[in-house]
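Residue-level listing of the chains:
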Amino acid sequence: MNKRISLLWKISIGFFLGIIFGFAVGPVIPSSPVLSGYVMPFIELVGKIFLRLLMMLIVPLVFASLVAGAASVGDIHKLGRIGIKTLVLYFITTAVAIVIGLACGNLFQPGIGMNIPADIQATAREAKPLVDVILDIFPSNPIASMVNANMLQIIVFALFFGVACILAGERGKKIADIFESVAEVMYSVTHMVMSFAPYGVFALIATTAAKFGISILAPFAKVIAAVYIGCILHAIIVYSGMMILFCKRSPMWYFRGIREAAITAFVTRSSSGSLPVTLANVRENLGVSEGISSFVLPLGATINMDGTALYQGVCALFVAQAFNVPLTLSMQIGIVVTATLASVGTAGVPGAGLIMLTLVLTSVGLPIEGIALVAGIDVILDAARTCLNVTGDTAVCAVVAASEGDELK
Ligand code: ASP
């Protein structure tokens with residue numbers, strides 16, 4: 001217990017020291033050969049290693065724990081019920097997030113009075129058509145899905161496989177037991193990797209803070225404030241409310257329990273990359289069972305993006321205001337619908353939300369060049385939205401677990 005607390009503290013300390021260090025050394029890096037030639041590349045390397053170690057865990061951890069989880073639920077109807085509850089909660093929380101985003105955008109008016117450079121160029125890639133997004137859920141070759149770490153396809157195959165373990169009787173049970181053991185081993189590997197987290201977190205946030213510096217924040221202060229305050233409000237109102245109403249637990253219990261996952265999401269800017277930590281947090285600190293967490297969280301890391309949706313709401317308004325396009329109420333409703341769908345199709349990797357923003361902008365007739373406006377500060381916005389994405393997954397996971405009778409801690 002003491003060890004866990006101290007790791008949590010170390011991660012938090014690494015986070016704050018990283019921000020201070022990054023902002024402090026950022027401006028002097030160009031004039032210091034030692035900093036630019038040795039210190040910063042070393043710090044960047046440490047961050048990248050941490051990221052790779054997290055990514056290394058994902059495929060075996062998700063596949064093994066999902067097969068074991070689906071098999072341990074044991075009952076196909078129960079699995080279906082959990083699936084429906086999860087999807088409904090994911091959709092509702094995401095739609096609420098966009099409404100909060102739009103409200104913040106209307107309140108802060110981040111784009112009013114922006115001086116848009118005349119030679120602005122759109123830099124984002126085109127988003128995939130929706131039909132392809134749906135088709136991409138289904139694997140044609142599960143091994144290829146694993147090699148490419150395609151989470152939705154891995155989930156689909158693992159569910160088939162796990163359910164088939166139940167249907168196959170005695171032999172299936174043997175296979176499920178093996179995957180249960182693999183999952184346990186992967187949790188141990190997760191703990192090993194997490195002992196490196198304080199340094200990894202420090203390195204990642206220090207690199208970002210040094211690259212951006214405080215000065216970049218000024219012209220975009222309002223859009224950054226709108227996204228950050230929106231995320232904080234959503235977490236405080238929606239997730240706290242869910243804890244009190246459905247889990248009968250205090251928000252403090254919840255936020256303390258998932259803090260490592262939230263910080264990891266903030267610094268890695270990847271829901272998928274944070275998944276091993278998220279799984280460990282909800283199981284060990286909130287008391288969610290393996291059966292539920294191993295199903296709800298990988299799915300959430302892929303399709304549930306409250307932060308991304310909120311960000312898309314704010315950014316759509318920002319672009320409209322910056323380009324002086326009047327946004328009617330019906331256009332704002334259009335944003336809620338498309339941003340919900342776009343957030344589902346957003347991969348849990350850094351910067352994916354920016355690409356999907358093109359979909360939202362074009363679908364409501366806003367200039368796609370607006371992407372270039374946001375691109376410069378997207379890393380800063382990505383940190384907050386990924387943090388909310390991951391937090392949202394854990395909140396839904398806790399509610400589903402409570403409704404299924406899991407003994408929450
Ligand atoms: N980085 C986000 C995530 O991994 C996705 C996004 O860019 O919005 O959750």
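Look a little higher up for the structure.
The shown structure was predicted, so the numbers you read here are calculated from the model rather than taken from an experiment.

(A) The site of the ligand, seen in detail. The environment of the ligand is formed by 17 residues, the closest being Ser-271, Thr-308, Gly-353, Asp-382 and Arg-385. Here an oxygen atom of the ligand sits 3.1 Å away from a polar atom, N or O, in the main chain of Ala-352. The contact in question runs from a nitrogen atom of the ligand to an N or O atom on the side chain of Thr-386, over 3.0 Å. Among the elements that line the shell around the ligand, the one with the most residues is helix H18 (residues 378–403), at four residues. Partitioning the shell around the ligand into residue classes produces five nonpolar, nine polar and three charged.

(B) Region of interest: a nonpolar patch on the surface. Together, Leu-130, Leu-329, Ile-333, Val-337 and Leu-341 line one region of the surface with nonpolar side chains, adding up to about 470 Å² of accessible area. Counting residues per element, the nonpolar patch draws most heavily on helix H15 (residues 329–345), which supplies four residues.

(C) Expanded view of the packing of helix H3 (residues 76–108) against helix H13 (residues 290–303). Between H3 and H13, the least distance of the axes is 11 Å, while the angle of their chain directions is 35°. In the crossing of H3 with H13, the sense of the turn from one axis to the other is right-handed. Only Ile-292, Phe-295, Val-296, Leu-297, Leu-299, Gly-300 and Ile-303 of H13 make contact with H3, whose side of the interface consists of Ile-82, Gly-83, Thr-86, Leu-87 and Tyr-90. The residue inventory of the contact of H3 with H13, partitioned by class, reads nine nonpolar, three polar and no charged.

(D) Examining the pattern of salt bridges more closely. The full count for this structure, using the stated rule, is nine salt bridges. A salt bridge links Glu-404 to Lys-85, with the nearest nitrogen and oxygen atoms 2.6 Å apart. Placement of Glu-404 in the segment after H18 and of Lys-85 in helix H3 is noted, with a sequence separation of 319 residues between them. Owing to a relative accessible area of 13%, Glu-404 belongs among the buried residues under this scheme. Residue classification places Lys-85 among the partly exposed residues on the basis of a relative accessible area of 25%. In this structure, the salt-bridge partner of Asp-382 is Arg-385, at a minimum N-O distance of 3.4 Å.

Basis of the calculations
- Numbers given for residues are sequential positions, taken from 1 along each chain in its written order.
- Local features in a predicted model are, by the rule used here, given only for residues with pLDDT of at least 70; side-chain atom pairs are given and counted only at 80 or more, and totals for whole chains, interfaces and linings are based on all residues.
- Values shown for side chains rest on all heavy atoms present in the structure; no hydrogens or waters enter the calculation.
- Whether a residue is near a molecule or strand depends on its heavy atoms: it is near if one of them lies within 4 Å of it.
- Any pair of N or O atoms that falls within 3.5 Å is considered a polar contact. Within protein, one atom must be able to donate a hydrogen and the other to accept it, and sequence-neighbouring residues count only if both atoms are side-chain atoms.
- Each helix is a run of H or I in the DSSP string that is no shorter than four residues. Each strand is a run of E no shorter than two, and both are numbered from the N terminus.
- When residue character is reported, Ala, Val, Leu, Ile, Met, Phe, Trp, Tyr, Cys and Pro are called nonpolar, Asp, Glu, Lys and Arg charged, and the others, Gly included, polar.
- Note on patches: the residues involved have over 30% relative accessible area and no salt bridge, like charges join within 9 Å, and the nonpolar side chains Val, Leu, Ile, Met, Phe, Trp and Tyr join within 5 Å.
- Using a 1.4 Å probe, the Shrake-Rupley method yields the accessible areas, and only the shown protein chains count as cover for residues.
- Salt bridge criterion: a side-chain nitrogen from Lys or Arg within 4 Å of a carboxyl oxygen from Asp or Glu.
- Interaxial angle, 0 to 180 degrees, is taken between N-to-C directions of lines fitted to C-alpha atoms, where a helix line uses only the stretch in contact.
- Helix crossings get a hand from a simple test, with the near helix turned counterclockwise from the far one by less than a right angle marking a left-handed crossing and a clockwise turn marking a right-handed one.
- We call two residues contacting when some pair of their heavy atoms lies within 4.5 Å.
- Buried means the residue's accessible area, taken with a 1.4 Å probe over protein chains only, is under 20% of the maximum for its type, while exposed means over 50%, and partly exposed covers the values in between.

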